[in-house]
Amino acid sequence: MKTNIIRLGALLGAALVAMPALAQDLTFWSWRQEDRAQYEKFIGAFEAENPGITVKFETFEAANYNTILSTALAGGTGPDLMMVRAYGGLENVASAGYLMPVSAENVPALADFAPAALEAETMRSDGKIYAVPFASQTMLVIYNKKMFADLGLEEPQTWDEFLALSQKVKDSGAMPFANGTATAWQNETIVSALTSSIMGKEFYNDLVAGKADFTDARYIEALTKLKEISAFFPDGFIGLDYASSQQLFSSGLAAMFAGGSFELATFKTLNPDLDLGVFAAPGMSADDEKLVGLFFDGGYAANANGENKEAAVKFLNYVASKEFGQAFADSLNNISTVPGVTFSNPLLQEVSDLNKSAIPYMMLVHFRYDEPSGSVLLQGEVQKLMADQTTPEAIGSALTDGLAAWYKPFQK
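What comes next is a walk through the structure.

Conventions used here
- Residues numbered from 1 in each chain as written.
- Predicted model: local features only at pLDDT ≥ 70, side-chain atom pairs only at ≥ 80, totals over all residues.
- Heavy atoms only, no water.
- Pairing = 2+ DSSP bridges.
- Helix = DSSP H or I, 4+ residues; strand = E, 2+ residues; numbered from the N terminus.
- Contact = heavy atoms within 4.5 Å.
- Axes fitted to C-alpha atoms, helices over the stretch in contact; angles between N-to-C directions.
- Buried < 20%, exposed > 50% of the residue type's maximum accessible area, 1.4 Å probe, protein only.
- Salt bridge = Lys/Arg side-chain N within 4 Å of Asp/Glu carboxyl O.
- 1 Å grid on protein atoms, 1.4 Å probe; cavity = no way out; pocket = protein on both sides within 12 Å on 5 of 7 lines; lining within 4 Å.
- Points joined across faces, edges and corners; volume = space filled by probe spheres on them.
- Nonpolar A, V, L, I, M, F, W, Y, C, P; charged D, E, K, R; others polar.
- Phe/Tyr/Trp six-rings, centres within 6.5 Å; stacked < 30°, edge-to-face > 60°.
- Lys NZ or Arg CZ within 6 Å of the ring centre and 35° of its normal.

### Details of the sheet that holds strand S3 (residues 81-84)
And step 1. The five strands lie next to each other as S2-S1-S3-S10-S4, forming an open sheet whose pairing is mixed. If you trace the sheet from one side to the other, it starts and ends with strand S2 (53-59) and strand S4 (132-133), each paired once.
And step 2. Both S3 and strand S10 (residues 299-302) contribute to a ladder of four bridges, which runs antiparallel. Counted as the bridge partner of Leu81 is Ala302 from S10.
And step 3. Sitting on the sheet, helix H2 (residues 36-49) touches strand S1 (24-30), S2, S3 and S10, and the angle it makes with S2 is about 170°.

### What about the pairing of strand S7 (residues 254-260)?
And step 1. Of all seven residues making up S7, seven are buried, and the element is well covered by its neighbours.
And step 2. Taken together, the five bridges between strand S5 (residues 135-144) and S7 define a ladder with antiparallel strand orientation. Among the inter-strand pairings, Val141 is bridged to a residue of S7, identified as Ala258.
And step 3. Alignment of strand S6 (residues 175-177) against S7, held across two bridges, turns out to be parallel. Following the sheet pairing, Phe177 is matched in S7 by Met256.

### Some points on the pattern of salt bridges
And step 1. Going through the model one piece at a time under the given rule, you end up with 13 salt bridges.
And step 2. Here Glu289 and Lys201 are joined by a salt bridge, their closest N and O atoms 3.3 Å apart. Here the residue Glu289 occupies a position in the loop between strand S8 (276-279) and strand S9 (292-296), and Lys201 occupies one in helix H8 (residues 184-208), the gap between them amounting to 88 residues.
And step 3. The exposure class assigned to Lys201 is partly exposed, which follows from its relative accessible area of 32%.
And step 4. The salt bridge partner of Arg218 is Asp216, with a shortest N-O separation of 2.8 Å.
And step 5. The buried category is assigned to Asp216, whose relative accessible area is 17%.
And step 6. Look at the salt bridges and you will find they share partners, linking Arg32, Glu34 and Asp35 into a network.

### Here we look at the layout of surface pockets
And step 1. One number sums up the size of the second largest pocket: a volume of about 770 Å³.
And step 2. Contributing to the lining of the second largest pocket are 34 residues, with Tyr87, Ala116, Ala117, Leu294 and Phe296 lying nearest its centre.
And step 3. Put simply, the parts of the chain that give the lining of the second largest pocket at least two residues each are helix H5 (115-120), S9, strand S11 (335-336), strand S12 (358-360) and helix H15 (362-366).
And step 4. Per element, the largest residue contribution to the lining of the second largest pocket is four residues, and it comes from H5.
And step 5. Tallied by class, residues from the lining of the second largest pocket come to 22 nonpolar, eight polar and four charged.

### Overview of the environment of Ala254
And step 1. Along the polypeptide, Ala254 turns up in strand S7.
And step 2. On the accessibility criterion, Ala254 (0% relative accessible area) is buried.
And step 3. Here the alpha-carbon distance between Ala254 and Met175, two residues 79 residues apart in the chain, equals 4.4 Å.
And step 4. Other than its neighbours up to four places away in sequence, Ala254 contacts Asn144, Met147, Met175, Pro176, Phe177, Ala178, Leu248 and Phe249.

### A short note on empty space enclosed by the protein
It is the rolling of a water-molecule-sized probe over the atoms that shows where space remains empty.
And step 1. By the definition in use, this model includes one cavity of 30 Å³ or more.
And step 2. If you add up the space inside the largest cavity, you get close to 100 Å³.
And step 3. As for the largest cavity, its lining consists of 13 residues, and the residues nearest its centre are Val191, Ser192, Met199, Met362 and Met363.
And step 4. Secondary-structure elements contributing two or more residues to the lining of the largest cavity are H8, S12 and H15.
And step 5. Among the elements that take part in the lining of the largest cavity, H8 stands out by supplying five residues, more than any other.
And step 6. Taken together, the residues of the lining of the largest cavity sort by class into 10 nonpolar, two polar and one charged.

### Let's talk about the packing of aromatic side chains
And step 1. On inspection of all chains with the given rule, the structure shows 41 aromatic pairs.
And step 2. Ring geometry for Tyr39 against Tyr300: centres 6.4 Å apart, planes inclined by 65°, an arrangement best described as edge-to-face. A residue pair is termed long-range when its members are at least 10 positions apart, and Tyr39 in helix H2 and Tyr300 in strand S10 qualify at 261 residues. There is no split in this pair, since Tyr39 and Tyr300 are both buried.
And step 3. Taking 5.2 Å as the distance between ring centres and 85° as the angle between the ring planes, the aromatic pair formed by Phe233 and Phe237 counts as edge-to-face. Per residue, the accessibility class of Phe233 equals that of Phe237, and both read buried.
And step 4. Across from the ring centre of Trp31, 3.8 Å away, lies the NZ or CZ of Arg85, which sits over that ring.
And step 5. A cation over a ring is seen here: Arg124 above Tyr369, with NZ or CZ 3.7 Å from the ring centre.

Structure (structure tokens):
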């Protein structure tokens, strides 16, 4: 009898040694509903490398995501892992103490990330990073290569060439641009995509240094040129919403679309036969540096009060890895922030090259930290500009005076 007990104890001991650590079930929240299939593949690869850890991916409607996330975290029902916004959108969540700080100590790969990418996921008050950045987005001009070739068009090197090119498309009976302005956030997009080279790096540097505001002649000129080129938007573009603009371009009815690099995958999904090109809208002369607008889209964060912190940190290390960054770029056609990622898609590589000459997407990067939001102000003012209800000069004053409510450099 005693021998049998000893044998049973030995067998149980061996079984316990052979068993993996207790299973750790993580929840992972995101607003990227359209990327679910790819994220489930990413998660499958992580789970294969980390037996005993499972990750449940849940998605929510994008527009209300921050509110849903903050409410859940405040009530103690939030996820272990989550996608978070960048800049002001991050601070809304991080400032309440809901997110675990990350650094090169617990996520070593962060030591090699670009400083601008890390700044997007850093809270200004304490200087700590709260998420692993996942992608950059670029504001530029996307064009239909076949239409350009059929009309004998080349990428413009000056603003006058840009206007002449647009006129030639219009004369052919096609639409030069597919853009509409009925969807408010698109008004901010076109400012960055079409006029970054007009503004120039010097204006941007003076703005953030407190030496200039939005009444500066360089910014007024940019808005003036935006109004000028809007003559080549579709008839009735003021009432044309975002989805309809996308359909116009993807159907091959328009030569160009002023927007973000995130549109590229969407356009190819809508019309796989589209042959796309990208360029930075030019400045006034060929000598002006051609600039795109650039921002970082968000990051991956862990719940500071989660029960499975060790497993969550393992996942953050996974999404900071080159293995993940490469899979992200290849499958989602996005510019991964992970250093060393290469782009098999030539168009994505071209976007990456354009990013070497960029200024930030200003209102998101610098002016969404309080109310009134610079983005909301600009979007409303551009809508009025397009409807001939205001002037570039008046917009410059409205932006500067509105932001002065909380942005100290504009306070007189």
